[in-house]
Amino acid sequence: MWEYSDKVREHFFSPRNAGPLEGSNAVGDVGSIKCGDALRLMLKVDPANETILDAHFQTFGCGSAIASSSALTEIIKGMTLDAALKVSNQDIADYLDGLPPEKMHCSVMGREALQAAIANYRGEEWKDDHEEGALICKCFAIDAVMIEDVVRANGLTKVEQVTNYTKAGGGCSSCHEGIEEILAMVADDCDQESEIVTAAPVCAPPAKPEVMNASKPVAAPKMTNFQRMRRIEEVVEEIRPMLQRDHGDIEIVEVVGRNIYVNLKGACVGCMMEAATLGGVQTKLCEALGELVQVLPAAMLAHASV
Amino acid sequence: MDKPIYLDNNATTACDPAVVEAMLPFFTEQFGNPSSMHSFGNKVGFALKEARARVQNLLGAQFDTEIVFNSCGTEADSTAILSALRAQPERNQVITTTVEHPAILTLCDYLEKEGIIVQKLKVDRRGRLDLDEYKSLLNDRVAIVSAMWANNETGTIFPVEEMAELAHAKGIMFHTDAVQAVGKLPIDLKSSKIDMLSLSGHKLHAPKGVGVLYLRRNTRFRPLLRGGHQERGRRAGTENAASIVGLGVAAELALQHMHTENTEVKRLRDRLERAVLAAVPNTFVTGDPSNRLPNTSNIAFEYIEGEAILLLLNKMGIAASSGSACTSGSLEPSHVMRAMGIPYTAAHGTTRFSLSRWTTEAEIDRVIAAVPPIAAQLRKLSPYWNGDGPAEDPEKAFAPAYA
Ligand code: FES
C-alpha cells in the first residue's frame, strides 16, 4: 500500500467539490484512461474580474488522483485566472503534505486540467506538451522520457552524467540498470543514424567528461571577460527552472578566476543532492565555457579570497 | 472496528498455527545443521526428510528426491528456465504465455536481450489458450515450455497436463508455475509428463521464504546456485530448516483441506460473486468462470479505479487487491487484463477477492454489504458516470486531451 499523508487520505475519503458544477463556464478535460487517470475540472468564472467563483471536479483515478483534484479545487477558489495559472503541481502536492514519487503525475494532471479549463474559458486551444514515461528513478521521481530527452540533448554517455543533469540515480542507485538501458538505447539510435547521414545532427556529440578531470584546461576559446560573465549567467539561468521545480534556487555570488561561487537556496540547501547539484552546474559551465571551472558554495568564498 | 477480513490469499496467506508450532523448536533446541555428523544435525536431517515426504505426497511425485527445497517460487521459476537453456545449449527458444507471473515474464524479457527467442502464447477474452497455436510452435529448437497452472489474478486454469504431453511427445521439457494451484487443485505429478514445477510456501499457509522446485528424475538439470551438496547438489546453501519443516506441515494440511477448498470455499466465493454482480450494475467477472481456482473471484467494476476501491474497502476492514496500474506503480493496468483485451475503463477497476479455508459466512456477508456503496460513491466522482448509469456513450462524453 502507498504511504499517503493524512491530508491525502482525508481528501480522498471526503473529497471537496466533487461532481458536476451547475452553470460552469470553463471545463478542462485531461488524462489518459490508459494510465487510469482522467480528470474533468469545471469552473465558474466571474466575467467581470476573471475570478474563480466555484470549482468542481470529476475524476476517474486512484486515491491520490482524487485527492489532488479535491485539493486543486480548494486552492484555486477565489483566485483570478492569472493567479490560478501560477499554481504549480508542486503547490498541489505541498497542499496535500506531499505525494509519493510514483504519484506525482496525479498533481501534474491537476495543473494541466487547470490550464485546459482556463484555455477553454478564453477560447484558446490547450495542447498537452508533456509526455510521461515509465518511472525509472523512484528516489527523485524521474521518468524514462525525461532521462531520454536529457541524454539526447546533451549527448550523455554515463550514469553519473545523467545524475548530474537530472538527479536520477543519485540516491539509492537501484535504478542504474534502467538508466544504463536508456543510455544504450540512445547510443544505438545514434549509431544507426550516423550510418545513414554522415553528420548525425539529432545526437549531440558525446560529452567529454575527461574535460573535467584533465589536468590542463582545454584551449579556452577567446571570450572577453564580459562575454564570459554573460555566458556564466546564461547557463545558470538555464538551470534555475529545474531547481525551482524542486523548490530550490541558485544565484551567482562571485567569479574569481576559475572558481565560480554560488548560493544554493531553498530546498537545495543541505539536501543530500547539494554536491550533485553543484557538480551538475559545473559540468554545464565547463561545456559552455570550454574551460575547466570549479563551482563552489559561496560559503567557501571567505577562505578563498584572502 | 470489526475484525479485519482478509480476502487477498492469492497474494499471501497467514501461517497456520500448527505450522508455526512445528517450526518453533527449529529456532531453539533443534538448531543443528543437517549436514553435520553429530546428533544436533541428525535430528534436523530427519525432520527435513519428513517434510520432503509430505510435499512429495501433496504433489503426487514418484520419488522424494524429486523435491528440491529453495527460497521461493521465483527462485524455482528462474532455476527451471535457466537450467533448461544451459543444459541444452543447442536449443534457444522458450515458449510461455502472455499472462504469466512477472517471475517468468521479467526473466524472459531479460533472456530476450541475451538472444533467446521467447514465444508468448496469447489468450482469448476469457483468458484461455489456443492449443493449436501452441502445437504449431513446438519444434526442436525449444528448450522449455513454461505455463502457469492457474492464473494468480483471475484463477483461470491452463490445461498444463495436456500441454506437457504435447511437449513431451516432441522431446521438449515442460515447466509449470503452480504456486497458485498447489493446495487448491488435486495434483498427481507421477501420472503426468510435467518435468518441473514451482511451488511457494507462503501461498499455502507456510511461511514466506521457502519454496520448492519439483524436478522429475532424469530431467537434465543445471543448478542455479553451486556450492554445497545440499539438496543433492542441486541447490547449494544451508537449508532453511524451520521453514522447510513448516512447509511440510502446511502440505499435509493442504491435502486434508483440499475437499473444503473445492466445496465450502468455492460456495462462499460463488455467493460473494453473485451478490456483488446482482447489486452493482456494470460489473463482470474476468477470466474463465467455468474453469478456475475455487477461491478466486476477479470482478471488473467499470468506470472506477481499483486503487480507490481498495482504499475504501480497507477503510471498512476488508483486504483485497486490484489489477489497476496505480497499485503497482506502473502506468498500465495489469498485463493479464490487457492480454484478455479487457477495455481500459474496466481493467483499471478490476478487483480480486481471494478466499481461504478460514473465510467465514459472516465475513462474506459483510463484504457483500460493503461493496455496493463503495462502487456508488466512486462512480459519483467519475466523469464516465452519470446518475445511475454510464454517461451516454462514455468514450464520447468524456474524451480528454490525452496526457
Ligand atoms: S531509484 Fe534512482 S537513485 Fe534511488
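What you see is a predicted model; the values in this text were computed from it and never measured.

> Whenever I open this one, the packing of helix H2 (residues 63-76) of chain A against helix H5 (residues 104-121) of chain A confuses me. Can you help?
What describes two packed helices is the angle between their axes and the distance between those same axes. Residues and elements named next belong to chain A. At a closest axis distance of 9 Å, the pairing of H2 and H5 adopts a crossing angle of 40°. It follows that H2 is oblique to H5 by the angle criterion. The chirality of how H2 crosses H5 is right-handed. Along the contact surface, H2 presents Ser64, Ala65, Ser68, Leu72 and Ile76, while H5 presents Cys106, Ser107, Met109, Gly110 and Leu114.

> Could you clarify how one ought to interpret the sheet that holds strand S5 (residues 142-146) of chain B in this entry?
The strands making up a sheet associate through backbone hydrogen bonding, with each pair oriented either parallel or antiparallel. Residues and elements named next belong to chain B. Ordered by their spatial adjacency, seven strands build an open sheet running S2-S8-S7-S6-S5-S3-S4, and the pairing between neighbours is mixed. Two strands lie at the open edges of the sheet, namely strand S2 (67-70) and strand S4 (117-121), each paired on one side alone. Averaged over all neighbouring strand pairs, the angle between strand axes comes to 20°, with direction disregarded. Contacting S2, strand S7 (196-200) and strand S8 (211-215), helix H2 (residues 39-59) crosses the sheet at an angle of about 115° to S2. Lying over the sheet, helix H6 (residues 160-169) contacts S4, S5 and strand S6 (173-177), oriented at roughly 160° with respect to S6.

> Would you take a moment to explain the pattern of salt bridges for this structure?
Side chains that differ in sign of charge can pair as their charged atoms come close. Evaluated as defined, the whole model comprises 31 salt bridges over all chains. Measuring nitrogen to oxygen at the nearest pair gives 2.7 Å for the salt bridge that ties Arg16 of chain A to Glu10 of chain A. Residue class for Arg16 of chain A comes out partly exposed when judged on its relative accessible area of 24%. Residue Glu133 of chain B pairs with Lys122 of chain B through a salt bridge whose shortest N-O separation is 3.6 Å. In this pair, Glu133 of chain B sits in helix H5 (residues 131-137) while Lys122 of chain B sits in the loop between S4 and H5, placing the two residues eleven residues apart along the sequence. Look at the salt bridges and you will find they share partners, linking Glu264, Arg267, Arg271, Glu361 and Asp365 of chain B into a network.

> Where do I start with the packing of aromatic side chains in this structure?
The geometry of an aromatic ring pair is captured by two quantities: the separation of the ring centres and the angle between the planes. In the structure shown here, the tally under the stated rule is four aromatic pairs over all chains. With centroids separated by 5.2 Å and ring planes inclined at 55°, the aromatic side chains of Phe12 of chain A and Phe13 of chain A adopt a geometry described as tilted. What makes Phe12 of chain A buried here is its relative accessible area of 3%. Among the aromatic residues, those joined into a ring-pair cluster are Phe60 of chain A together with Tyr303, Tyr384 and Trp385 of chain B. In this arrangement the basic side chain of Lys7 of chain A is found over the ring face of Tyr95 of chain A, its NZ or CZ atom lying 4.8 Å from the centre. Just above the ring of Trp385 of chain B sits the side chain of Arg379 of chain B; from NZ or CZ to the centre is 4.3 Å.

> I keep staring at the nonpolar core and nothing clicks. Help me out?
Side chains that are nonpolar tend, in soluble globular proteins, to be buried together. By size, the foremost hydrophobic cluster in this structure holds 69 residues, and its most contacted members are Tyr134, Trp149, Phe174 and Leu197 of chain B. There are two domains that each give this core at least three residues, and those are domain 1 (5-10 + 258-394) and domain 2 (17-254) of chain B. Residue contacts for Tyr134 of chain B: discarding those within four places in its chain leaves Ile95, Leu121, Val145, Met163, Leu166, Ala167 and Phe174 of chain B. Listed in part, the 66 residues of the second largest apolar core include Leu72 and Leu99 of chain A together with Ile299 and Ile309 of chain B.

> I'm lost on the sheet that holds strand S12 (residues 321-322) of chain B in this one. Help?
All names here are of chain B. Judged by pairing direction, the sheet is antiparallel, and its four strands sit side by side in the order S9-S10-S13-S12 without closing on themselves. At either end of the open sheet lies a strand with only one pairing partner, and these are strand S9 (283-285) and S12. Pairing between S12 and strand S13 (residues 350-354): two bridges, direction antiparallel. Opposite Ser321, over in S13, you have Arg352 as the bridge partner.

> When you look at the pairing of strand S3 (residues 93-97) of chain B in this model, what are you seeing that I'm missing?
Consecutive residues of a regular strand have side chains that alternate between opposite faces of the sheet. Residues and elements named next belong to chain B. By the criterion of burial, S3 is predominantly enclosed, with five of the five residues buried. Looking at chain direction, S3 and S4 are connected through five bridges and run parallel. The residue of S4 that forms the bridge with Ile95 is Gln119. Once the chain exits S3 it traverses helix H4 (residues 102-113) before rejoining the sheet at S4, and the crossover so formed is right-handed.

> Sorry if this is basic, but what is going on with a nonpolar patch on the surface here?
Residue and element names in this part refer to chain B. Taken together, Val20, Leu24 and Phe27 make up a surface patch of nonpolar side chains, about 290 Å² in accessible area. Looking at the element boundaries, Leu24 is found in the loop between helix H1 (17-23) and H2. By relative accessible area, Leu24 is classed as partly exposed at 48%.

> Just to check I follow, could you spell out the domain arrangement of chain B for this structure?
All names here are of chain B. Entries for chain B in the domain assignment read domain 1 (5-10 + 258-394) and domain 2 (17-254). The distance between the C-alpha centroids of domain 1 and domain 2 comes to 29 Å. Counting from both sides, the interface comprises 29 residues of domain 1 and, opposite them, 31 residues of domain 2. For the pairing of domain 1 and domain 2, the buried interface totals around 2500 Å² over both sides, and the portion due to carbon and sulfur atoms is 53%. Counting across the interface, domain 1 meets domain 2 through zero salt bridges. Where domain 1 meets domain 2, there are 15 residue pairs in polar contact (both at pLDDT 80 or more). Mapped by element, the contributors of at least two residues to the side of domain 1 that touches domain 2 are helix H7 (241-279), strand S10 (296-301) and helix H10 (335-339).

> What is the right way to read unusual backbone geometry from this model?
Most peptide bonds adopt trans geometry, and most residues besides glycine take a negative phi value. Non-glycine residue Asp97 of chain A carries a positive phi angle of around 60°. Structurally, the position occupied by Asp97 of chain A is in the loop between helix H4 (89-95) and H5. One non-glycine residue, Arg232 of chain B, adopts positive backbone phi at about 55°. Among the secondary structure elements, Arg232 of chain B is positioned in the loop between S8 and H7.

> Quick question: what am I supposed to make of the confidence of the model for chain A here?
Should the pLDDT be low somewhere, the predicted coordinates at that spot are not to be read in detail. All names here are of chain A. Per-residue pLDDT for chain A averages 80, and the proportion of residues at 70 or more is 81%. Element-level pLDDT for chain A is lowest in helix H9 (residues 210-213), with a mean of 38, against a maximum mean of 94 in strand S3 (residues 51-60). Taken together, the stretch residues 197-220 has pLDDT below 50 and engages in 32 contacts with residues farther than four places along the chain or on a different chain.

Criteria and cut-off values
- Residues numbered from 1 in each chain as written.
- Chains lettered and ligands numbered in written order.
- Predicted model: local features only at pLDDT ≥ 70, side-chain atom pairs only at ≥ 80, totals over all residues.
- Heavy atoms only, no water.
- Axes fitted to C-alpha atoms, helices over the stretch in contact; angles between N-to-C directions.
- Helix = DSSP H or I, 4+ residues; strand = E, 2+ residues; numbered from the N terminus.
- Parallel < 35°, antiparallel > 145°, perpendicular 65-115°, else oblique.
- Left-handed = near helix turned anticlockwise from the far one by under 90°.
- Contact = heavy atoms within 4.5 Å.
- Pairing = 2+ DSSP bridges.
- Salt bridge = Lys/Arg side-chain N within 4 Å of Asp/Glu carboxyl O.
- Buried < 20%, exposed > 50% of the residue type's maximum accessible area, 1.4 Å probe, protein only.
- Phe/Tyr/Trp six-rings, centres within 6.5 Å; stacked < 30°, edge-to-face > 60°.
- Lys NZ or Arg CZ within 6 Å of the ring centre and 35° of its normal.
- Core = buried A, V, L, I, M, F, W, Y, C linked by side-chain atoms within 4.5 Å.
- Domains from an automatic or database assignment.
- Right-handed = clockwise from strand over helix to strand, strands pointing away.
- Patch = residues over 30% accessible without salt bridge, like charges linked within 9 Å, V, L, I, M, F, W, Y side chains within 5 Å.
- Areas by Shrake-Rupley, 256 points an atom, 1.4 Å probe, with all protein chains shown as cover.
- Buried area = accessible area lost by both parts, 1.4 Å probe.
- Polar contact = N/O pair within 3.5 Å; in protein donor to acceptor, adjacent residues only side chain to side chain.
- pLDDT = per-residue confidence, 0-100.

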